[in-house]
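Summary of the model geometry
Here is what each chain is made of, one letter per residue.
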Amino acid sequence: LSISRDTVTKTPAQVLMERETRVAWGPVPHSLLGTPLAETRWHMKGEEFLLRGEGSHYFHYRKGEGITIERAEDCDASEERLWLNGSVYAAIASMNGLRPIHASAVAFESAVYAFSGPAGAGKSTLIAALGRLGFPMFCDDTLILDLSGSGAIIALPGHKRLKLSADAIDLSGARQEEQVSRTVDKFYATSAAGNVEHALPLAELIFLEDGPVPAVIPISGAERITRMQDDHYTSQLFDAAQQFDLNGKFQHLCRLAERVQMSRFVRPCNRERFDEMIGLAADHVRARAKR
């Protein structure tokens, strides 16, 4: 079992993630820090990461050795891929110097346009709907960035499938597939434009906001730094892996903000205006690609 997909062209970062996300099953430690690990919590220490799902469902990663899963008989195996593709994948990326961002993205003209926002902001639905207009999905929910080069930031293609509610599938026009798990009332779905599976440069990070007047507004100045601060688990895992103090974290955010183009996408959350807002997002991406 692998939690990354085959790609046509693989960068060193993609090869690294494929190697590090190999999965096996067997006994694992139940703590890394000497204290009991509560359900849905994690420990990180040195080159190891340990996550406990519900019950006695443990995911252990050690650099160079991949992932080992310990699953008790009463565990819900249908939840396993959600943990692997969520916190475990983000932790492995972070521990290997890659930066996870809470965002969904499309590809256009050999570049990535990512949309960020809190849970429920409509990132996945927007990405799926843009597929109707010919924009293939690049990733859903988590965008992995390779910051190692001096030029454009390179984004890694999505490692997990699109997940949508039945209503969002109807609204976006995506193709519905099987239910995500017994306890998650969402379905896997496929964008009408398919998926891009090779690494591409990041062109822009666009933040979704609710508002009565639709607009796409460039972000400048100090706001660019504050926009990169996020309390999502992806940022928490990256901060823990890098062992940032306050100054180190600030310097990282400054460097990241300098390299990423940013905008705010303000739009009303109105079903009747949904297609209009998707058109506005598509127009912005097309215009941005021409600059």
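Let me begin by describing the structure that accompanies this report.

Rules used in this analysis
- Residues numbered from 1 in each chain as written.
- Predicted model: local features only at pLDDT ≥ 70, side-chain atom pairs only at ≥ 80, totals over all residues.
- Heavy atoms only, no water.
- Core = buried A, V, L, I, M, F, W, Y, C linked by side-chain atoms within 4.5 Å.
- Buried < 20%, exposed > 50% of the residue type's maximum accessible area, 1.4 Å probe, protein only.
- Contact = heavy atoms within 4.5 Å.
- Salt bridge = Lys/Arg side-chain N within 4 Å of Asp/Glu carboxyl O.
- Helix = DSSP H or I, 4+ residues; strand = E, 2+ residues; numbered from the N terminus.
- Pairing = 2+ DSSP bridges.
- Axes fitted to C-alpha atoms, helices over the stretch in contact; angles between N-to-C directions.

1. A look at the nonpolar core
Judged by nonpolar contacts, the single largest core of 30 residues is most densely connected at V106, F115, L126, L130, L164 and F265. Setting aside anything within four residues of it in sequence, one finds F115 in contact with A103, S104, V106, K123, L126, I127, L130, I206, L208, F265 and V285. In this structure, L143, F207, A257 and M262 belong to the second largest nonpolar core, which totals 26 residues.

2. Looking at the pattern of salt bridges
With the rule as written, the count across this model stands at 21 salt bridges. One salt bridge in this structure joins E177 and R161, with 2.6 Å as the shortest N-O distance. Here E177 is found in strand 12 (residues 175–181), whereas its partner R161 is found in the loop between strand 10 (154–156) and strand 11 (162–164), with 16 residues between them in sequence. Between D239 and K249 there is a salt bridge; the shortest N-O distance is 3.0 Å.

3. Description of unusual backbone geometry
One non-glycine residue, E109, lies in positive phi territory at about 50°. Structurally, E109 is set in the loop between strand 6 (99–108) and strand 7 (111–116).

4. Quick word on the sheet that holds strand 4 (residues 57–62)
The strand order across the open sheet built from 5 strands is 1-5-4-3-2, with neighbouring strands paired in mixed fashion. Only two strands of the sheet have a single neighbouring strand rather than two, namely strand 1 (23–25) and strand 2 (42–45). The mean inter-strand angle of the sheet, taken between neighbouring strand axes irrespective of direction, is 15°. Sheet topology places strand 3 (residues 48–52) next to strand 4; 5 bridges connect them, and they run antiparallel. Looking at the pairing, L51 lines up with F59 of strand 4. Across the sheet, helix 6 (residues 233–242) lies against strand 2 and strand 3, angled at about 25° from strand 2, the strand it touches most.

5. Comments concerning helix 6
All of the buried residues along helix 6 are T234, S235, L237, F238 and D239. Buried residues in helix 6 make contact with strand 2, strand 3, helix 2 (80–95), strand 6, strand 9 (142–146) and helix 7 (246–259). Where helix 6 ends, the next residue or the one after it, Q243, has phi of about 55°, a positive value.

6. Considerations on the side chain of S172
With respect to the element layout, S172 can be found in helix 4 (residues 166–172). Residues within four places of S172 in sequence aside, it is in contact with T125, A128, A129, R132 and L164.

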